[in-house]
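Working through the structure, step by step
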Amino acid sequence: MTVPPAALDPLNTAVLTITCPDRGGIVAAVSQFLHNHGANILHSDQHSTDPAGGTFFMRMEFHLAGLDLARDQFERAFATVVAAPFGMEWRVAYTTQPKRMALLVSRYDHCFLDLLWRKRRGELNIEIPLIISNHDDLRRDAEMFGIPFHVVPVTKDTKAEAEAEQVRLMHEAGADFAVLARYMQILSGDFLRSFGRPVINIHHSFLPAFVGANPYRAAFNRGVKLIGATSHYVTEELDAGPIIAQDVIPVTHRETPDSLMRIGRDVERQVLARAVKAHVEDRVLVYGNKTVVF
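Note that the coordinates shown come from a computational prediction; the quantities given were computed from them, not determined experimentally.

A few words now on the environment of Val284. Take Val284: it is sitting in strand β12 (residues 284-287). It is 9.9 Å that separates the C-alpha atoms of Val284 and Ile243, two residues lying 41 residues apart in sequence. With near-sequence residues (within four places) excluded, Val284 lies in contact with Tyr233, Ile244, Ala278, His279, Thr291, Val292 and Val293.

Encoded structure:
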């Protein structure tokens, strides 16, 4: 049997994510529906917080080559036949429609450049329609990657106006989510509500143990033995949103504050990249202040 060329296209796929009350028959119903309409399941992951009355999570990736319905027809049918009877919150994301990521940065360039490089290398299936900064320092780097760079200065007196302008720019660019690549401003609740889309942040894992302007100096003074980083979704409660990714690296007494900072920034790059990749691939399902990351 000859496999049609479309069947070999790795981009001709979709991801279905589901959250619903756990009960018997969910996996069977979803699988049967996809089978009935010619979708070939490639990967399937599921998790239940408690089989007896808990919450059920599923991520199912499937190939679209044999689908017998147009996408809008497929989604309407799934909503009626499967989602409604099981009380599902669900969505379908298509690989041919890359998510559009707004990138916010201040002056530190390590996470910023790492994401741009990974996008260029094809490691992240995203589009970056704009970069926003409260400083002009990284404009040249943005221009090297051909991405529009917007400077929106932020002061205590102009914060509300600046945030409104940032949200306007992101909406105008059609951003699906935003990443704070060491953007050194605290976002207000008004910003998050007005933007209305996920925002991902990265910070060193010393918080709240080592707060302030120089956490690596404070960590050095305490003789820490682990350097880490945390990436999470942003909520109104500072640095307390649902965690997507974390990592640590052992360090010794031989480190200096500068070497601790270099190690820390390397961890930050890797953790943020993992978090963004998981979000882009629809591997993160949020419930309460936690996440399931498939």
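Next comes the rest of the account.
So, on to the nonpolar core. By size, the foremost hydrophobic cluster in this structure holds 32 residues, and its most contacted members are Met101, Leu103, Phe112, Ile131, Val179, Leu272 and Val276. Put simply, the parts of the chain that give this core at least two residues each are β5 (99-105), α3 (110-120), β6 (126-133), β8 (177-180), β9 (199-204), β10 (226-233), β11 (243-250) and α8 (257-280). With near-sequence residues (within four places) excluded, Phe112 lies in contact with Leu103, Val105, Ile131, Leu138, Asp141, Ala142 and Ala181. Formed by 24 residues, the second largest nonpolar core is a distinct cluster that contains Ile18, Met58, Leu67 and Phe86.

Okay, the sheet that holds β11 next. In a beta sheet, neighbouring strands are held together by backbone hydrogen bonds and run either parallel or antiparallel to one another. Taking strand neighbours across the sheet as the criterion, the seven strands line up as β7-β6-β5-β8-β9-β10-β11 in an open arrangement whose pairing is mixed. Each having just a single partner strand, β7 (149-151) and β11 make up the two edges of the open sheet. The sheet shows a mean angle of 20° between the axes of neighbouring strands, direction not considered. Here β5 pairs with β6 via six bridges, running parallel. The partner of Ala102 across the bridge, within β6, is Leu130. Packing against the sheet, helix α5 (residues 159-172) makes contact with β5, β6, β7 and β8, and its axis sits at approximately 160° to β6. Running over the sheet, α8 touches β5, β6, β8, β9, β10 and β11 and is turned about 30° from β10.

The feature "domain: ACT" (unreviewed entry), as given by UniProt, occupies residues 15-97 in the numbering adopted here. End C-alpha atoms of residues 15-97 are separated by 11 Å, and the span's content is 33% helix alongside 37% strand.

The subject of this paragraph is the sheet that holds strand β3 (residues 55-63). Spatially, four strands are ordered β2-β3-β1-β4 in an open sheet, and the strand pairing comes out antiparallel. Both edges of this open sheet fall to β2 (40-48) and β4 (89-94), since each of them pairs with a single strand only. Neighbour to neighbour, the strand axes of the sheet diverge by 10° on average, direction disregarded. As defined by bridge partners, strand β1 (residues 13-21) adjoins β3 across nine bridges and the pair is classed as antiparallel. Note on β3: the bridge partner recorded for Leu16 is Met60. Set on the sheet, helix α1 (residues 26-36) makes contact with β1, β2 and β3; between it and β3 the angle comes to about 20°. Where helix α2 (residues 71-86) meets the sheet, it contacts β1, β3 and β4, and its direction lies at approximately 155° from that of β4.

Reading guide: rules and limits
Residues numbered from 1 in each chain as written. Predicted model: local features only at pLDDT ≥ 70, side-chain atom pairs only at ≥ 80, totals over all residues. Heavy atoms only, no water. Helix = DSSP H or I, 4+ residues; strand = E, 2+ residues; numbered from the N terminus. Contact = heavy atoms within 4.5 Å. Core = buried A, V, L, I, M, F, W, Y, C linked by side-chain atoms within 4.5 Å. Buried < 20%, exposed > 50% of the residue type's maximum accessible area, 1.4 Å probe, protein only. Pairing = 2+ DSSP bridges. Axes fitted to C-alpha atoms, helices over the stretch in contact; angles between N-to-C directions. UniProt positions renumbered as here; feature names shortened; annotations may be inferred.

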